[in-house]
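# An overview of the molecular structure
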Amino acid sequence: MVKKGSLIGEMGFIQGGGNINWFPGHMAAATRAIRDRLKVSDLVIEVRDARIPLSSANEELQPMVAGKRRVIALNKKDLANPNIMHKWIRYFDSFKQDCLPINAHSKSSVKKLLDLVEYKLKEIISREPTLLVMVVGVPNVGKSALINSIHQIASARFPVQEKKKRATVGPLPGVTQDIAGFKIAHQPSIYVLDTPGVLVPSIPDVETGLKLAAAGSVKDSVVGEERIAQYLLAVLNTRGTPLHWRHSTDRETEGRHLDFDDKPDYNLKDLLRKRKRPPTNKSDVHYIEDIVTNVKGALYGTLAEFNGILEDEGDLGNLIEQQFEALQKALKIPHKASEARTIIWKKFLTLFRTGKLGPFILDDVPVANESTV
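Reference entry: report on the structure contained in this document. Remember, predicted model here, so these are calculated numbers, not experimental data. (Residues numbered from 1 in each chain as written. Predicted model: local features only at pLDDT ≥ 70, side-chain atom pairs only at ≥ 80, totals over all residues. Heavy atoms only, no water.)

### What about the environment of Ile291?
Selection criterion: Runs of E in the DSSP output that reach at least two residues are strands. Runs of H or I that reach at least four are helices, and both are numbered from the N terminus.
Topologically, Ile291 is positioned in helix α11 (residues 281–304). In the structure, Ile291 is positioned 60 residues away from Leu351 in sequence and 9.2 Å away in space, judged by C-alpha atoms.

Here it is as structure tokens:
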């Protein structure tokens, strides 16, 4: 690594767009409602994105959740680097904070979370007839997917309960606008309160905003796809990640099923060519694999041939522009295509967000004297 990630956000071509803030009206009302319900909640499941374990925390809610029984669920663990994840678990453990990496779409993963929740509530289950568990988090960290998985598990575990309802999983961050309660257990009655994703009114620094945008917690239209993609490329280049892709020419998902509908927010179908006749799933898989191989090859080639200094803002900016041109060829986007730049950056972001470029954690584990969870 040639440059600390925290300095990338200070570069002019990254700073150029100014601070990133996205706080639509419904978030203000939802934040007030969440505060009220937090006061009567017995336990809080704070869902964060495993790729940004600190940046995806809502700082405004931290003083309230810090004083309650809390479990931090690092969702989308399948998209996070497992070699770094254990360091994050150790970090949270050092604050005596329960933390569990999860995949909200996996029942076995969610069952582990529920086991931990029940363990944390054990001491008050005997004396309280009704318990409230609140699920909070910033937009698009997977709260609704988690709620739906909890319901599926609860319906099998407690068949006598009333007919369950499903949380709505929306395609855009911040889509759940109402707070709804769902009964998940009998004797004692345990209710899970699902909440809309809310950000802070003012995101504290540019890089935190860009990380949230890269993970999909801030709408692309608020920041701009190009700015988000440039930030990601700056991170990848300064970490030297593309150099590890030198031998990444084989189809990495050969024989594996590719679920084009698994991620409702960023769909792999967006990478496919527009055709009159729908292709077979197998041909889709190979087409995606070829795109991934071409993109990795393009980024590896440009970084390997780079003669500049990555610490130099101008040199890094020039490299990223060269990589844009290489991506245009790799993705086979015609030079004369209308909105070519936006199309290229959108496809690149889709590859990152669906994990096709590999698992990443954008946040750095804080050093010993930085005490925040």
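### Some words on the nonpolar core
In plain terms, the rule: Definition of nonpolar core: a set of buried residues of the types Ala, Val, Leu, Ile, Met, Phe, Trp, Tyr and Cys, connected through side-chain atoms within 4.5 Å. To sort residues, take the accessible area from a 1.4 Å probe on protein chains only and compare it with the maximum for the residue type: under 20% means buried, over 50% means exposed, and anything in between is partly exposed. Any pair of residues with heavy atoms lying within 4.5 Å of one another is described as a contacting pair.
Membership of the largest hydrophobic core comes to 96 residues, with the highest contact counts inside it found for Ile45, Leu113, Leu146, Val218, Val295 and Phe348. In this structure, Phe348 is in contact with Ala229, Leu232, Leu233, Leu236, Leu299, Leu327 and Leu357, ignoring residues within four places of it in sequence. Counting 11 residues, the second-largest nonpolar core is a separate cluster that includes Ala80, Trp88, Phe92 and Ile361.

### Points about the pattern of salt bridges
Stated precisely, the cut-off is as follows: Counted as salt bridges are all cases of a side-chain nitrogen of Lys or Arg within 4 Å of a carboxyl oxygen of Asp or Glu.
Going through the model one piece at a time under the given rule, you end up with 11 salt bridges. Here Arg69 makes a salt bridge to Glu123, at a shortest N to O gap of 3.0 Å. On the criterion of sequence distance, the pair formed by Arg69 in the loop between α4 (62–65) and β2 (70–75) and Glu123 in helix α6 (residues 107–125) is long-range, its members being 54 residues apart. For Arg341, the salt bridge identified is with Glu321, shortest N-O distance 3.2 Å. With a gap of 20 residues between them, Arg341 in helix α13 (residues 340–353) and Glu321 in helix α12 (residues 313–330) connect regions that are remote in the sequence.

### As for helix α8 (residues 206–215)
Just so we agree on the cut-off: N or O atoms within 3.5 Å of each other form a polar contact, as long as, within protein, one can give a hydrogen and the other can take it, and as long as residues adjacent in sequence are counted only when both atoms are side-chain atoms.
By the criterion of burial, α8 is predominantly enclosed, with 10 of the 10 residues buried. Among all positions in α8, only Val206, Glu207, Thr208, Gly209, Leu210, Lys211, Leu212, Ala213, Ala214 and Ala215 are buried. The N-cap residue of α8 is Asp205: its side-chain oxygen and the backbone nitrogen of Glu207 are 3.1 Å apart. Remark: Gly216 follows α8 within two positions and exhibits a positive phi of approximately 95 degrees.

### What to know about the pairing of strand β4 (residues 130–136)
This is how the line gets drawn: Here a strand pair is declared whenever DSSP counts at least two bridges between the two strands.
Most of β4 is tucked away, with 6 of its 7 residues classed as buried. Relative to β4, strand β1 (residues 43–49) runs parallel, the two sharing 4 bridges. The residue of β4 that forms the bridge with Leu43 is Val133. Inspection of the sheet shows β4 paired to strand β6 (residues 189–194) by 6 bridges, in the parallel sense. Of the residues in β6, the one forming a bridge with Met134 is Leu193.

### Things to note about the packing of aromatic side chains
Under the convention used in this document: Only Phe, Tyr and Trp rings are paired, with Trp represented by its six-membered ring, and only when their centres lie within 6.5 Å; those with planes under 30 degrees apart are stacked, over 60 edge-to-face, the remainder tilted.
For the coordinates displayed, the defined rule picks out 7 aromatic pairs. The interplanar angle of 70 degrees and the centroid separation of 5.4 Å between the aromatic rings of Tyr91 and Phe92 together place this pair among those described as edge-to-face. Assigned by exposure class, Tyr91 and Phe92 land together as buried. On the numbers, 5.1 Å between centres and 70 degrees between planes, the contact of Tyr91 with Phe95 is edge-to-face. Members of the aromatic cluster, each reached through a chain of ring pairs, are Trp88, Tyr91, Phe92 and Phe95.

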